[in-house]
Amino acid sequence: YSGDSQLTAYWDYGKCGPHGDDYHIGWCGGANDAPSCKKKIPVGKDRCSSGFADFAFSTSNVNINNCFYYWVAQYHCWEKEQDIDPHACTVVDDKRAAAVESSQWDFENRVAPQE
């Protein structure tokens, strides 16, 4: 995988990683055998236009370019969801899928329209 190395977090053995010792280690909970990576992290808008990066994957106990890593995690830029028509949505259950006007929804009480 050739993701943006600035959007990488790792716990390396020693100080052999390309961005210094234990780069962005806090994104995945620190020096733990089982990383618990944050799903979304804030980053500079010069790195990601949305200002956020999403967790992509992690791997453990790997040797990359003669550097041993307890774990490595990769993030990628998060792109904002496309605009959604606020006047319609799709209701899906086991029996049907239908477009419903948003005016039929009771958003305050979180109740779907009745048939």
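In this text, all values refer to a predicted model and were calculated from it rather than measured experimentally. (Residues numbered from 1 in each chain as written. Predicted model: local features only at pLDDT ≥ 70, side-chain atom pairs only at ≥ 80, totals over all residues. Heavy atoms only, no water.)

## With respect to the environment of Tyr 69
Inference 1: Tracing the chain through its elements places Tyr 69 in strand β4 (residues 67-77).
Inference 2: Between the C-alpha atom of Tyr 69 and that of Asp 22, which follows or precedes it by 47 residues, the distance is 9.2 Å.
Inference 3: Excluding its chain neighbours within four sequence positions, the residues that come into contact with Tyr 69 are Tyr 10, Trp 11, Asp 12, Gly 17, Pro 18, Ser 60, Asn 61, Val 62 and Ile 64. (Helix = DSSP H or I, 4+ residues; strand = E, 2+ residues; numbered from the N terminus. Contact = heavy atoms within 4.5 Å.)

## Overview of the sheet that holds strand β1 (residues 8-12)
Inference 1: Reading across from one edge, β1-β4-β3-β2 is the order of the four strands in this open sheet, with antiparallel pairing throughout. Each edge of the open sheet carries a strand with a single partner, namely β1 and β2 (40-42). Ignoring which end each strand starts from, the neighbouring axes of this sheet average 35° apart.
Inference 2: Sheet topology note: the β2/strand β3 (residues 52-64) ladder contains three bridges and is antiparallel. Looking across to β3, one finds that Lys 40 is bridged to Asp 54. (Pairing = 2+ DSSP bridges. Axes fitted to C-alpha atoms, helices over the stretch in contact; angles between N-to-C directions.)

## Structural notes on the nonpolar core
Inference 1: Trp 27, Cys 28, Val 43, Ala 53, Trp 71, Ala 73 and Tyr 75 are the most contacted members of the largest nonpolar core, which totals 14 residues.
Inference 2: Residue assignment for this core shows that the elements contributing at least two residues are β1 and β4.
Inference 3: Here this core gets three residues from one element, more than from any other, and that element is β4.
Inference 4: Apart from residues lying up to four places away in sequence, Ala 53 is in contact with Leu 7, Lys 39, Lys 40, Ile 41, Val 43, Cys 48, Tyr 75, His 76, Cys 77 and Trp 78.
Inference 5: Tyr 10, Tyr 23, Tyr 69 and Val 72 belong to the second-largest nonpolar core, a separate cluster that totals six residues. (Core = buried A, V, L, I, M, F, W, Y, C linked by side-chain atoms within 4.5 Å. Buried < 20%, exposed > 50% of the residue type's maximum accessible area, 1.4 Å probe, protein only.)

## Overview of the environment of His 19
Inference 1: Position of His 19 relative to the elements: it lies in the loop between β1 and β2.
Inference 2: The spatial distance from the C-alpha of His 19 to the C-alpha of Thr 8 is 9.3 Å, given a sequence separation of eleven residues.
Inference 3: Other than its neighbours up to four places away in sequence, His 19 contacts Ser 5, Gln 6 and Tyr 10.
Inference 4: Engagement of the side chain of His 19 in a polar contact is seen with the side chain of Ser 5, the distance being 3.0 Å. (Polar contact = N/O pair within 3.5 Å; in protein donor to acceptor, adjacent residues only side chain to side chain.)

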